[in-house]
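# Inside the fold
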Amino acid sequence: MYEMTDPVAARQAAKAAERERLKRARERREIQGSSSVSSFVQRKWRWLGVGDGEAVEAVLAMLTEAVAATGLSEAERAILTQAIGGDPDRDSLLPAVRMGLGLLSPESVLGNLRSLWAGGVRWLNLEVS
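Residues numbered from 1 in each chain as written. Predicted model: local features only at pLDDT ≥ 70, side-chain atom pairs only at ≥ 80, totals over all residues. Heavy atoms only, no water.

### Things to note about the pattern of salt bridges
Scanning the model with the defined rule gives 3 salt bridges in all. With its nearest N and O atoms 3.7 Å apart, the salt bridge here joins Glu20 to Arg24. With Glu20 and Arg24 both in helix α1 (residues 7–33), this residue pair falls 4 residues apart, about one helical turn. With relative accessibility at 40%, the residue Arg24 sits in the partly exposed group. The closest approach of N and O atoms between Glu74 and Arg77, which form a salt bridge, is 3.7 Å. With Glu74 and Arg77 both in helix α4 (residues 74–84) and 3 residues apart, this pair spans about one turn of that helix. What makes Glu74 exposed here is its relative accessible area of 60%. (Salt bridge = Lys/Arg side-chain N within 4 Å of Asp/Glu carboxyl O. Helix = DSSP H or I, 4+ residues; strand = E, 2+ residues; numbered from the N terminus. Buried < 20%, exposed > 50% of the residue type's maximum accessible area, 1.4 Å probe, protein only.)

### Details of helix α6 (residues 106–118)
For α6, with 13 residues, the first-to-last C-alpha span of 18 Å sits near the 18 Å given by 1.5 Å per residue. Of all the residues in α6, the buried ones are Ser108, Val109, Asn112 and Leu116. Along the axis of α6, the buried residues cluster in a sector spanning 100°; they form a single face. In α6, the exposed residues that point more than 90 degrees away from the buried face are Pro106, Glu107, Arg114 and Ala118. Considering only its buried residues, α6 is in contact with α3 (53–67) and α5 (90–102). Looking one or two residues beyond α6, the residue adopting positive phi is Gly120, at roughly 85°. (Expected span 1.5 Å × (residues − 1). Arc of directions from axis to C-beta. Contact = heavy atoms within 4.5 Å.)

### Quick notes on the nonpolar core
Counting residues in hydrophobic clusters, the biggest one holds 27 residues, and the most contacted among them are Trp45, Val50, Val59, Leu63, Leu80, Leu93 and Trp123. At 9 residues, α3 tops the list of elements feeding residues into this core. (Core = buried A, V, L, I, M, F, W, Y, C linked by side-chain atoms within 4.5 Å.)

### Observations regarding α4
All of the buried residues along α4 are Glu76, Leu80 and Ala83. Buried residues of α4, viewed axially, fall in a sector of 55°; they line one side. Facing away from the buried side of α4 by over 90 degrees, the exposed positions are Glu74 and Ala75. As for α4, its buried residues are in contact with α2 (39–46), α3 and α5.

### Considerations on the environment of Ser73
Tracing the chain through its elements places Ser73 in the loop between α3 and α4. Ser73 sits in the partly exposed class, given a relative accessible area of 33%. Through-space distance from the C-alpha of Ser73 to that of Ala96 is 9.2 Å; in sequence the pair is 23 residues apart. At a separation of 3.1 Å, a polar atom in the side chain of Ser73 contacts the side chain of Glu76. (Polar contact = N/O pair within 3.5 Å; in protein donor to acceptor, adjacent residues only side chain to side chain.)

### So, the packing of α3 against α4
With their axes 9 Å apart at the nearest point, α3 and α4 run at an angle of 150° to one another. Considered as vectors, α3 and α4 are oriented roughly antiparallel to each other. Where α3 crosses over α4, the handedness of that crossing is left-handed. In this structure, α3 uses Leu60, Leu63, Thr64, Ala66 and Val67 to contact α4, whose residues at the interface are Arg77, Leu80, Thr81, Ala83 and Ile84. Its residues assigned to classes, the contact of α3 with α4 comprises 7 nonpolar, 2 polar and 1 charged. (Axes fitted to C-alpha atoms, helices over the stretch in contact; angles between N-to-C directions. Parallel < 35°, antiparallel > 145°, perpendicular 65-115°, else oblique. Left-handed = near helix turned anticlockwise from the far one by under 90°. Nonpolar A, V, L, I, M, F, W, Y, C, P; charged D, E, K, R; others polar.)

On their own, these measurements won't tell you what the molecule is for.
Set out below in structure tokens:
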């Protein structure tokens, strides 16, 4: 159309780039807004390295399944339930998650770990192995 040395062309290109940037930002907000997890709960989980709403939902699904496992002690069940409620305790959560995952079937554990890794949740690496 125009050469980029042309000031009109440069201005049009800058406007097009800004429109594209705004479009991508709007799409990101819509995707993040589609999560059923509140921003307050997301902020609490972000402190533990769980980034967005999709990742929080994956963690909550895993915790919910672990809470339902038979053989989990009441103390560990309480820790997981507290985390599901939106108040995860960093120090006690990972050992309780390890115990809960240990009671699930291998297929279930693998499915949960896949969804966690797909969501960018990496904090189970060293603690659960």
